[in-house]
Amino acid sequence: MNRLLVTLALVGSAGAVMAAAPPANHRNFVACPIVRDTSTVPCWLAEYEGETYYLTIQTDVSAPVNPPWLGHKVLVEGTISDEPRICGGIVLKPVALSVMQELDGSCNTMLPAEERYNLPFEPPRPPGPSKGRLAFGDPVTQPKSEQLETSKSFELRYEFDSLVMFRHAQPLQQIFEYARQSNATRVQITGYRAASLLSNGQLMQEDKQIGRRRAEQVAELLRGAGLTEAQYEVKWQDEAQRAKGVADAAMRRVQVVVSR
Amino acid sequence: MLKAAVKFAIGIGAGLLASAVSAAPTGDRVAGHVPKQNQQARQAPIGDSKSPPANRWWSPGEGTPLAPLVPYPDSFGQVGVLNAAGAIETRGHPFFEPIGTNGRACVSCHQPANAMSLSVEMIQRRWHETQGKDPIFAPIDGMNCPDLPPGDPKSHSLLLERGLFRIFLPWPPKAADGSSIDPEFTIEVVRDPTGCNLHPKYGLKSANPMVSVYRRPRVAANTKYFTHNGFGVFSFIGKNGLPATRDPETGLPSSMNILSDARQPTLKTQAVEAAITHLQFDGKLDEERLARIVAFESQLYTAQVSHNVAGSLIEADAPPGLGVYNLAKGREGLLGNNVTNFVFPMSEAWQKPAPSSDPEIQRRNEMRASIARGHDVFMFRTFWIKDAMHLNTVGLGNPTKRTCSTCHGMHMMGMDIVNGWMDLGTTNLPWAREEPLNPWNERKPQMPLFKITCKAGVPPHPFLGRVFYTQDPGRGLISGKCNDVGAIVMQQFRGLAARAPYFSNGSAGSLRELVDFYDRRFNIGYTDQERDDLINFLSAL
C-alpha cells in the first residue's frame, strides 16, 4: 500500500492525467527496482500489482537495455513475452527503463542468489573481465565512411525527462562524423516532449520544457565538439498526447537532419 | 635583493599582462581558466629558496645527466626510471631547470626516485635537509595558503603530512575560450582550515574568485598510455555524451586522463599551466621548451624494477605486465579488462612456480605466487560496486557486481581506458577520510569542506542528492556539472611503492590503507590472504 502511494505521488509530480489504459499485454509502471544475485551476473526485477517482472541482467556498456539503479525508482515500459520466467519474474521484452531522477531511499532491495533463480542461459558478459569483446559490440565505434546523401536523418532516444547521457555518445559521434564528411551546411534539430500511458490509466507526462532543452542541448553539443560551420535550425514539439501505452518510449527523442 | 627586485617588477607588470592574457586566451592557446590562475600566481609572494643536492634528490639546474635506466630504493625494493631515448642531458633542459621565478623546476615535484611523483617521505626529508627552504615549499602552492608564516611547518602541513599541493581554480569555471560557465551548483565553504578559500586575496570572495583544493602530484611518465587515442576516445565522452576536450592545435579529442580533473587536454597545455601556477613562470613557455618537456615526458617510463622478496622484475622471464622494459614496449589505448589482454599480464611461471629446496628461492617463489594471486584478486574477485558516479551510471546498473579491473581497465596502467573521472568517495562525504572529532582527539580537520547545492532545474546528484559535502569537487570545478562533483581522474598504478600517499588527496598513507578504503567503501570483505596478495601485487607494479 505504501509503495502504491509513493508511486502515485511520484507520478503526480511528473504530470499525470487519466487516459485510456494500455493494451493488456503491456506493463507500464513506476516502481522500485530489485536486484537479485545469481551464480553469474545479477538480474533486475520490479514488482507491480503483486507480480514480479524480469527487466534485464547486468552486461556491459554496450547493452541495448541497461539495468536501473537502486536508490531510484524506475519507469518500466514493457511487453509481456511468452518466454519462461527468468529469476522468478515474468519476462518483459521489449522493455524500456527510465531511472527516475529524484533519490528514493526506499529502493534498496538486494536479494541473495538462490539455486532456483539462476539464469537459464550463459550471460553475454560475465561479472568480471570479458572474453575480449563487448557483449553487444562497441557502443562508441568510429563510423565507417559511407555514401553521402544530400541529407540524412538521425534519431536520439531518451529516458523519461532526461537529457543526453552516456549512451548518446555513439549516435552523436555518428552525426558529427557524417556532418564533417559531408561538409554539412545545415543541421535541423527537433526535440520532442512525450508521455507514457501507465498501466493504471494515468498519463505520465514529461517536463514541459524537455523538448526544447533536448533540442538546444544537442545543438550545443555538436557545436562544442567542433561542428561550428553549419547553420542550425532548432525547434521542439509536444507529443505528450500521442501516448498509447505501446512504444511510448520511442516518442522521447530528438531528430537530427544533416544536409549538405 | 635581486629576488625582491624581480618580485617588484612582476608586481608592476601584473595588471597589464593579466589583461593581455585575458584578452586573447584562445589565440595564445592557453586554456580558459589559466589567465585567472596567472593573476593569482603573480600575487603570491616568492620566498627565499635553496635546493642543495642530496641523496636521491634532483635539484633544479644541478646538471647531472640522467642515465638510460636509473634504479632507486623504495619501501618494497627498487623503482626504475627508463629513458627510452637513452641518456638525457639535463643541463639546460626545461624539465630540469628552474625556469620560473620561485626556483622550482618540473623535476622538483616529479622526482625520478619517486616514480616521477613526490612521496611524503621525500617531502619531509627535504624539509629537514633545507629547513623548509627547498622551492617545493614555495608559498604559491607549497603552503596551505600563500601568506602564511614561512618556515613554520604548520604553514605547510598539508604538504608535509599528506604530500598535497594547492591547486587554485577560478570560480565560476571557465570554458576553453575563457568565457564563464554557469555552474549547476552553488559552493559554500563550511570549513577552511587552510584559510585560503575564505581569504580576501586568494579566496572565493576575492576580486579574482578562486577555489583552493589540495592534490598530489601525478606521475609524469608512462605518458603514451594515458594520452592515447585508442579505445573509447571520441569527440563525445563515453560517460556522459558531452564533448571531449580537444587538443587546441589539432582539434582532435583528448583522452582527458592527464590531470585529476581532466582540465588540460595535452601534455603541452598541461606544461603551460604548470609553469604558470607551480613555477610562477611569467607568461607562456615558448614552443621550443614546451616541445622538449613533452618529448622528455613521452619517452620516460617508470615502474618497480625489483622487489625485496620476489627479486628482479625486469629479467627476461618476468611477467609481461611488470618492469619498465615491458612498459616501454607495451601497446597503448588497449582495454585490459578482458582475458585476452589483461590489465597487467602475469606469467605461468609466477602463478605456479616449481618448488625449490633452496629456502631463498622458495621464499622468492612464494612471493611471486602471492603477487600472481593478487593479480587474480584484482581481475576476478567480484564485489558489489554501488553509488559510484560515472561507473554505475554508464550502463552497468547500481549496484553492479564486478571487479577492480572494471574501473581500472587500461592495459599496463590500471587507469580508466576512457575519459577517466569517477567518484569512488575519496573526496565526497560520507566516504572521504575525515578526522574523527571527539574530546580525546586534539587533531583538527586538515582538509577544506565545501557544501554543494545542486540548483533547482537540474537533476540532483544521482547518489548524493541535492545537497552534499566534499573536500574537493574534482571535475565539477571544471565542468560545473553537479554529477561531476567529487569525480576524480584515477591515477596510474605504476611505481606505487615509491610514491605514497595515494588518492588525489593523499588520504591513503600506505597500500594497506588504499586497499582498506575499497574494502570499507564497497563492503568487499577481503580475507587476510586476499588483502596481502593484493598489496604484494600492487607493490610490484
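Cut-offs applied
- Residues numbered from 1 in each chain as written.
- Chains lettered and ligands numbered in written order.
- Predicted model: local features only at pLDDT ≥ 70, side-chain atom pairs only at ≥ 80, totals over all residues.
- Heavy atoms only, no water.
- Pairing = 2+ DSSP bridges.
- Helix = DSSP H or I, 4+ residues; strand = E, 2+ residues; numbered from the N terminus.
- Axes fitted to C-alpha atoms, helices over the stretch in contact; angles between N-to-C directions.
- Contact = heavy atoms within 4.5 Å.
- pLDDT = per-residue confidence, 0-100.
- Buried area = accessible area lost by both parts, 1.4 Å probe.
- Salt bridge = Lys/Arg side-chain N within 4 Å of Asp/Glu carboxyl O.
- Polar contact = N/O pair within 3.5 Å; in protein donor to acceptor, adjacent residues only side chain to side chain.
- Nonpolar A, V, L, I, M, F, W, Y, C, P; charged D, E, K, R; others polar.
- Disulfide = S-S within 2.5 Å.
- Buried < 20%, exposed > 50% of the residue type's maximum accessible area, 1.4 Å probe, protein only.

Help me understand the sheet that holds strand β13 (residues 231-238) of chain A in this model?
Through backbone hydrogen bonds, the strands of a sheet pair up, either in parallel or in antiparallel fashion. Residues and elements named next belong to chain A. Strand order in the open sheet made by the four strands is β9-β14-β10-β13, with mixed pairing throughout. Lying at the two open borders of the sheet, with one neighbouring strand each, are β9 (151-157) and β13. Shown here is a sheet whose adjacent strand axes are inclined to one another by a mean of 15°, direction ignored. In the sheet, β9 pairs with strand β14 (residues 253-259) via seven bridges, with the strands oriented antiparallel. Bridge assignment links K152 to a residue of β14, and that residue is V258. Together, β9 and β14 form the strand contacts of helix α2 (residues 169-181), whose direction differs from that of β9 by roughly 165°.

Got a minute to help me understand the confidence of the model for chain B in this structure?
Low pLDDT means the predicted coordinates in that region are not meant to be read closely. All names here are of chain B. For chain B, mean pLDDT is 93; residues scoring 70 or higher make up 95% of the total. Here residues 1-27 scores under 50 on pLDDT; set against residues more than four positions off or in separate chains, the count is 22 contacts. For this predicted complex, the interface score ipTM comes out at 0.91, while the overall pTM is 0.92.

Which parts of the structure should I look at to understand the interface of chain B and chain A?
Size of an interface: often given as the accessible area lost when the parts come together. Listed as interface residues are 43 residues of chain B and, on the opposing side, 48 residues of chain A. Contact between chain B and chain A buries roughly 3,400 Å² in total, counting both sides, with carbon and sulfur atoms accounting for 62%. In terms of surface lost to chain A, no three residues of chain B exceed B:F234, B:F236 and B:K401, which account for 19% of the buried area on that side. With a closest N to O distance of 3.4 Å, B:R466 and A:E102 form a salt bridge. Summed over the shared surface of chain B and chain A, the result is 16 residue pairs in polar contact (both at pLDDT 80 or more). Looking at the side of chain B that touches chain A, the elements that each hand over two or more residues are α12 (359-380), α13 (392-396) and β9 (400-402) of chain B. Ranked by the residues each element gives to the side of chain B that touches chain A, the list is headed by α13(B), at five residues. Classifying every residue of the side of chain B that touches chain A by side-chain character gives 18 nonpolar, 19 polar and six charged.

It is not clear to me how the confidence of the model for chain A should be interpreted in this structure. Could you clarify?
On average, residues of chain A score 91 in pLDDT, and 90% of them are at 70 or above. Low confidence marks residues 1-13 of chain A, where pLDDT is under 50. Its contacts with residues over four positions away, or in another chain, come to 15 contacts.

Any chance you could explain the state of the cysteines here in plain terms?
By definition, a disulfide is the covalent link that joins the sulfur atoms of two cysteine residues. Residue and element names in this part refer to chain B. Under the definition given, this model contains four disulfides over all chains. Note that C145 is cross-linked by a disulfide to C196, the S-S spacing being 2.1 Å. Measuring the twist about the S-S bond at about 75°, one finds the C145-C196 disulfide to be right-handed. Of this pair, C145 sits in the loop between α5 (139-142) and α6 (157-162) while C196 sits in the loop between β4 (185-191) and β5 (210-215); the two residues are 51 residues apart in sequence, bridging distant segments of the chain. Each member of the pair C145 and C196 is classed as buried. Paired by a disulfide, C454 and C482 hold their sulfur atoms 1.7 Å apart. Residues C454 and C482 are joined through a disulfide that is left-handed, its torsion about the S-S bond being -70°. Taken together, the residues C454 in strand β11 (residues 449-454) and C482 in the loop between α15 (476-479) and β13 (488-489) connect sequence positions 28 residues apart. When sorted by exposure, C454 lands in the same class as C482, which is buried. For chain B, the bonded cysteines pair up as 1-2, 3-4 when numbered in the order they occur along the sequence. For chain A, the disulfide bridges join cysteines in the arrangement 1-4, 2-3, where the cysteines are counted in sequence order. C106 takes part in no disulfide bond, and the closest cysteine sulfur, belonging to C109, lies 9.2 Å away.

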